[in-house]
Amino acid sequence: MSSQPPIGEISTMMNAPGVPVFRNVNWGGLRTLYIKEVRRFFKVQLQTIWAPAIQTLLFLVVFTVATGAKRPVAVGGIDIPFGDFIAPGLIISQGMMGPAFANASFSLMVGKIQGTIVDYLQPPLSTLELLTGLVAGAMTRGLLVGVGVWLAMLLYGIHLIPVHFWAVAWFGLLGTMFLALLGVLTSIWADKFDNAAAVSNFIVTPLGLLSGTFYSVDKLAPAFRAVSHANPFFYIISGFRYGFLGTADSPILIGSIVVLVIDVVLAVACYALLRSGWKIKN
C-alpha cells in the first residue's frame, strides 16, 4: 500500500540517503492528512457545515410547528415533549452521521475519478494511518455540524441539556465513526458519484428515517418493532437520546455493544480492502 513498513517493524535494509523510514507511527504524516481532510471541507463550509445544519433545523421546525405535533411521547414510562424527543435523534442522524458519511465517501472516490489517488497512496503512511486520517476528518465534520445544530436548538427553545454527558459523547463518537467507516467503504467501492449517491439514498437515509427518530419504537407493532431493533441506527439514536433525556427505548449496554462490534467489523473490512489496494491501485 505504501513505502512505510508496518507499525513496530524495524527495517534491516540500509536507508537510501534522504529517504526516511518510519519505524513507529508517522505522526507528522497522519497530522498532515487529517489537516488536509479538514481544510477540504472547510473551504466549502457553506455546503459541508451550514447546509446540513440548516436542513436539520428545518426538520425540527416542520415536525414541531408545521405539523402541529405537540403531544408528548412516552419513553420508558416518562412523557417527553415532542420537540425534546426528536431533537437528539435529528442531531445525531441528520446533523452528525450524514455529514460524516458524505465526507468519508468523497475522498478516495474523487481521487480515483480525477486521477489524484496517488496523493493518498504515495506518502509514507501505513494503511492504518491512512484509514485513521480519513475517518478522523469525517468525524470532525460530523461533530462540528452536530455542535452547531445543538446550539441552534437551544436558542430555538428546545431543552437539550445533557443528563449523562458520557452517553452523548460515547454514542456521538460511535455513530460518526460508524458512518465514517461506511463512507470509506463506499469510497473504495464507488467508481462514480452515482454509486455513492445510491448508498446514501437507498441505505443511509432509509436507516436514519426508520430508526425511531420521529417516533417511539415501543408504540410500533411487534413485526415493525423487530425490524427497528435490527437497525443499528436505532441503538445509536436511542443511546444518544438517553444522554440528553435520561431515558431510552433500548438497554444502553446492549446498544453500545452492538454498535461497537459493527464499528470494529467495518474498520477491519476497510483496513483489509485498503491494504489489498482493491479498486484503488488499478
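Anyway, here's the lowdown on the structure attached to this text. (Residues numbered from 1 in each chain as written. Predicted model: local features only at pLDDT ≥ 70, side-chain atom pairs only at ≥ 80, totals over all residues. Heavy atoms only, no water.)

**Brief notes about a nonpolar patch on the surface**
Taken together, Trp166, Trp170, Leu260, Val264 and Val268 make up a surface patch of nonpolar side chains, about 480 Å² in accessible area. Only helix H6 (165-189) and helix H10 (252-276) provide two or more residues apiece to the nonpolar patch. Its location among the elements puts Val268 in helix H10. (Patch = residues over 30% accessible without salt bridge, like charges linked within 9 Å, V, L, I, M, F, W, Y side chains within 5 Å. Areas by Shrake-Rupley, 256 points an atom, 1.4 Å probe, with all protein chains shown as cover. Salt bridge = Lys/Arg side-chain N within 4 Å of Asp/Glu carboxyl O. Helix = DSSP H or I, 4+ residues; strand = E, 2+ residues; numbered from the N terminus.)

**Looking at the packing of helix H5 (residues 127-156) against H6**
Put simply, H5 and H6 touch, their axes get as near as 9 Å, and they point 125° apart. Considering their axes alone, H5 and H6 lie oblique with respect to each other. Relative to H6, H5 is oriented so that their crossing is right-handed. Residues Leu131, Leu134, Val135, Ala138, Met139 and Leu143 of H5 form the contact with H6, whose own contacting residues are Leu173, Thr176, Met177, Ala180, Leu181 and Val184. For the contact of H5 with H6, the per-class residue count stands at eleven nonpolar, one polar and no charged. (Axes fitted to C-alpha atoms, helices over the stretch in contact; angles between N-to-C directions. Parallel < 35°, antiparallel > 145°, perpendicular 65-115°, else oblique. Left-handed = near helix turned anticlockwise from the far one by under 90°. Contact = heavy atoms within 4.5 Å. Nonpolar A, V, L, I, M, F, W, Y, C, P; charged D, E, K, R; others polar.)

**Here we look at helix H1 (residues 27-42)**
Here H1 is 16 residues long and its end C-alpha atoms lie 22 Å apart, about the 22 Å a rise of 1.5 Å per residue gives. Inspection of H1 places Gly29, Leu30, Leu33, Glu37, Val38 and Phe41 among the buried residues, and these make up the whole buried set. (Expected span 1.5 Å × (residues − 1). Buried < 20%, exposed > 50% of the residue type's maximum accessible area, 1.4 Å probe, protein only.)

**Details of the environment of Ser105**
Topologically, Ser105 is positioned in helix H3 (residues 82-114). The spacing of Ser105 and Gly183 is 78 residues in sequence and 4.1 Å in space, taken between C-alpha atoms. For Ser105, the contacting residues outside a window of four places in its chain are Gly183, Thr186 and Ser187. Only 2.9 Å separates the side chain of Ser105 from the backbone oxygen of Phe101, close enough to count as a polar contact. (Polar contact = N/O pair within 3.5 Å; in protein donor to acceptor, adjacent residues only side chain to side chain.)

**Focus: the environment of Leu131**
The residue Leu131 is located in helix H5 in this model. A residue is classified by how much of its surface remains accessible, and Leu131, at 6% relative accessible area, is buried. Sequence spacing of Leu131 and Leu274 is 143 residues, and the spatial spacing of their C-alpha atoms is 8.0 Å. Contacts of Leu131, omitting those with residues within four sequence positions, involve Leu181, Val184, Ala267, Cys270, Tyr271 and Leu274.

**As for the environment of Ile35**
Examined against the element boundaries, Ile35 turns out to sit in helix H1. Remark: the alpha-carbon pair of Ile35 and Gly137, spanning 102 residues in sequence, is separated by 7.7 Å.

**So, the packing of aromatic side chains**
In the structure shown here, the tally under the stated rule is eight aromatic pairs. Pairing Phe59 with Phe214 gives two aromatic rings, centres 6.1 Å apart and planes at 35°, and the pair type is tilted. With Phe59 in helix H2 (residues 45-66) and Phe214 in the loop between helix H7 (193-209) and helix H8 (222-229), this pair connects stretches of sequence that are 155 residues apart. Its relative accessible area of 24% is what places Phe59 among the partly exposed residues. Overall, Phe214 belongs to the buried group, its relative accessible area being 14%. (Phe/Tyr/Trp six-rings, centres within 6.5 Å; stacked < 30°, edge-to-face > 60°.)

**Some remarks on the nonpolar core**
Formed by 69 residues in total, the largest nonpolar core has its most connected members in Leu108, Met153, Leu179, Val184 and Phe240. If one sorts the elements of this core by residue count, H3 sits on top with 13 residues. With near-sequence residues (within four places) excluded, Leu179 lies in contact with Met97, Ala100, Phe101, Val204 and Phe233. (Core = buried A, V, L, I, M, F, W, Y, C linked by side-chain atoms within 4.5 Å.)

**Here's the deal with unusual backbone geometry**
A negative phi holds for most residues other than glycine; trans holds for most peptide bonds. With phi around 60°, Lys279 is a residue other than glycine that occupies positive phi space. Summarising the element assignment, Lys279 is placed in the segment after H10. According to the relative accessible area criterion, Lys279 is partly exposed, its value standing at 22%.

**Topic: the side chain of Thr64**
Locating Thr64 in the fold gives a position in helix H2. At 2.6 Å, the side chain of Thr64 and the backbone oxygen of Leu60 are in polar contact.

**Notes on H6**
If you check H6, its first and last C-alpha atoms are 36 Å apart, about what 25 residues at 1.5 Å a residue would give, namely 36 Å. Burial runs high along H6: 18 of the 25 residues are buried.

**Some remarks on the pattern of salt bridges**
Under the defined criterion, the tally for this structure stands at four salt bridges. Residues Lys36 and Glu37 are paired through a salt bridge, measuring 3.7 Å at the closest nitrogen-oxygen approach. For Glu37, a relative accessible area of 0% corresponds to the buried category. Residues Arg40 and Glu37 are paired through a salt bridge, measuring 2.9 Å at the closest nitrogen-oxygen approach.

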